[in-house]
Amino acid sequence: WSPGLPPFPPGLTMPSPLSYVWTIPHFESLSCTSMYSPAFSVNGTDHSWKIYVYPRGNNNAGKQLSIYLDSGIADTSDQLTCTFKLVVI
């Protein structure tokens, strides 16, 4: 949990040190097409990640939320293996 973020919601378990929590205030009223989270690293690694969100979905007529984990790797010859779980609360 990072200083400067809003308090963790009561009744929920604090995420493990291998987790990243991104709180988006007033999510229901967002007017943007998409947005990125601040860059973060997990478990002290040098690699940066971002979460990419389409609040009204990506090419689905605004009927679904679309969320992607962005590794930041642009070169298709590079590989990075990870296991992740995205949770929306």
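We now turn to the structure provided with this report. (Residues numbered from 1 in each chain as written. Predicted model: local features only at pLDDT ≥ 70, side-chain atom pairs only at ≥ 80, totals over all residues. Heavy atoms only, no water.)

## Overview of the overall build of the chain
When its secondary structure is counted, the chain shows zero helices and three strands. Total accessible area on the chain stands at roughly 7,000 Å², and carbon and sulfur atoms take up 53% of it. (Helix = DSSP H or I, 4+ residues; strand = E, 2+ residues; numbered from the N terminus. Areas by Shrake-Rupley, 256 points an atom, 1.4 Å probe, with all protein chains shown as cover.)

## Examining the packing of aromatic side chains
Applying the stated criterion across every chain, the model contains four aromatic pairs. When the ring of Tyr36 is compared with that of Tyr52, the centres are 4.2 Å apart and the planes differ by 15 degrees; the resulting orientation is stacked. Here Tyr36, found in strand S1 (residues 35-36), pairs with Tyr52, found in strand S2 (residues 50-54); they are 16 residues apart in sequence, far enough to count as distant. Judged by relative accessible area, Tyr36 falls into the partly exposed class, the value being 38%. Each member of the aromatic cluster is reached from another via a ring pair, and the members are Tyr36, Tyr52, Tyr54 and Tyr68. Lying over the aromatic face of Tyr36, Lys50 brings its terminal NZ or CZ to 5.1 Å of the ring centre. (Phe/Tyr/Trp six-rings, centres within 6.5 Å; stacked < 30°, edge-to-face > 60°. Buried < 20%, exposed > 50% of the residue type's maximum accessible area, 1.4 Å probe, protein only. Lys NZ or Arg CZ within 6 Å of the ring centre and 35° of its normal.)

## Quick look at the sheet that holds S1
Taken together, the three strands give an open sheet; going across it, the order is S1-S2-S3, and neighbouring strands pair in antiparallel fashion. This sheet does not close on itself; its edge strands, each paired only once, are S1 and strand S3 (66-70). The pairing of S1 with S2 spans two bridges and is antiparallel. Its bridge partner lying in S2, Tyr36 is registered against Tyr52. (Pairing = 2+ DSSP bridges.)

## Examining the pairing of S2
Bridging between S2 and S3 involves five bridges; their strand directions are antiparallel. Its bridge partner lying in S3, Val53 is registered against Ile67.

None of this, on its own, says anything about what the molecule does.
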